[in-house]
Amino acid sequence: MLINVFKSKLHKVCVTEANLNYIGSITIDEDLMDAANLIAGERVQVVNNNNGERLETYVITGERGSGVICLNGAAARKVQVGDELIIISYAWMTPEEGKTFKPVMVFPTAGNTLPK
């Protein structure tokens, strides 16, 4: 049996863009993706701390060092620029793996930059 376990998260990033006229997904700065162990195309849950909205989408690689967090397509209707988000990923693993797995938690600073 496999269980779905919390793998990583970007905690309290700020929405920099919302692009309704795009096919869909969330664009994330590649530095943030690397820090949170996210890959292009990976399914993520997005939680909006400002309005309580939750949605699932997939990751698109954004420009490295840009701080971009952009909700695209229909998801753009669920956010406003400046909203605070938590972006969460999960992984399938056995219960034994899940008991010892250590998730990655990233706490970006202002401008969606990595702490130094």
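These lines cover the structure that appears in this document, whether it is placed above or below. (Residues numbered from 1 in each chain as written. Predicted model: local features only at pLDDT ≥ 70, side-chain atom pairs only at ≥ 80, totals over all residues. Heavy atoms only, no water.)

As for the sheet that holds strand β2 (residues 17-19)
No. 1: Taken together, the eight strands give an open sheet; going across it, the order is β2-β6-β3-β5-β4-β7-β1-β8, and neighbouring strands pair in mixed fashion. The open sheet has two edge strands with one neighbour each: β2 and β8 (104-106). Neighbouring strand axes in the sheet, compared pairwise and without regard to direction, differ in orientation by 30° on average.
No. 2: One ladder, built from four bridges, connects strand β4 (residues 43-48) with strand β7 (residues 84-93); its direction is antiparallel. Across the sheet, the residue bridging to Asn48 is Leu85, located in β7. (Pairing = 2+ DSSP bridges. Helix = DSSP H or I, 4+ residues; strand = E, 2+ residues; numbered from the N terminus. Axes fitted to C-alpha atoms, helices over the stretch in contact; angles between N-to-C directions.)

Overview of the pattern of salt bridges
No. 1: Considering all chains together, one arrives at six salt bridges under this definition.
No. 2: We note a salt bridge from Arg64 to Asp31, for which the minimum N-O separation is 2.6 Å. Of this pair, Arg64 sits in the loop between β5 (54-62) and β6 (69-72) while Asp31 sits in helix α1 (residues 30-35), and the two are 33 residues apart along the sequence.
No. 3: On the basis of relative accessibility, which here comes to 26%, the residue Asp31 falls in the partly exposed class.
No. 4: Ionic pairing is found between Lys78 and Glu53, a salt bridge with its closest N-O pair at 3.5 Å. Highlighted residues: Lys78 in the loop between β6 and β7 and Glu53 in the loop between β4 and β5, separated in sequence by 25 residues.
No. 5: Taking relative accessible area as the criterion, Lys78 reaches 34% and is therefore assigned partly exposed.
No. 6: Owing to a relative accessible area of 28%, Glu53 belongs among the partly exposed residues under this scheme. (Salt bridge = Lys/Arg side-chain N within 4 Å of Asp/Glu carboxyl O. Buried < 20%, exposed > 50% of the residue type's maximum accessible area, 1.4 Å probe, protein only.)

Comments concerning the layout of surface pockets
No. 1: Volume-wise, the largest pocket comes out at about 180 Å³.
No. 2: Lining the largest pocket are Asn4, Arg43, Val44, Gln45, Glu56, Tyr90, Ala91 and Trp92.
No. 3: Across the lining of the largest pocket, the residue classes break down as four nonpolar, two polar and two charged. (1 Å grid on protein atoms, 1.4 Å probe; cavity = no way out; pocket = protein on both sides within 12 Å on 5 of 7 lines; lining within 4 Å. Points joined across faces, edges and corners; volume = space filled by probe spheres on them. Nonpolar A, V, L, I, M, F, W, Y, C, P; charged D, E, K, R; others polar.)

A word on the side chain of Glu42
No. 1: Along the chain, Glu42 falls in the loop between α1 and β4.
No. 2: Overall, the relative accessible area of 13% leaves Glu42 in the buried class.
No. 3: A distance of 2.6 Å separates the side chain of Glu42 from the side chain of Lys7, its partner in a polar contact.
No. 4: A polar side-chain atom of Glu42 sits 3.0 Å from the main-chain amide nitrogen of Ile39.
No. 5: Not counting residues within four places of it along the chain, the set of residues in contact with Glu42 comprises Lys7, Asn37, Thr57, Tyr58, Val59, Ser89 and Tyr90. (Polar contact = N/O pair within 3.5 Å; in protein donor to acceptor, adjacent residues only side chain to side chain. Contact = heavy atoms within 4.5 Å.)

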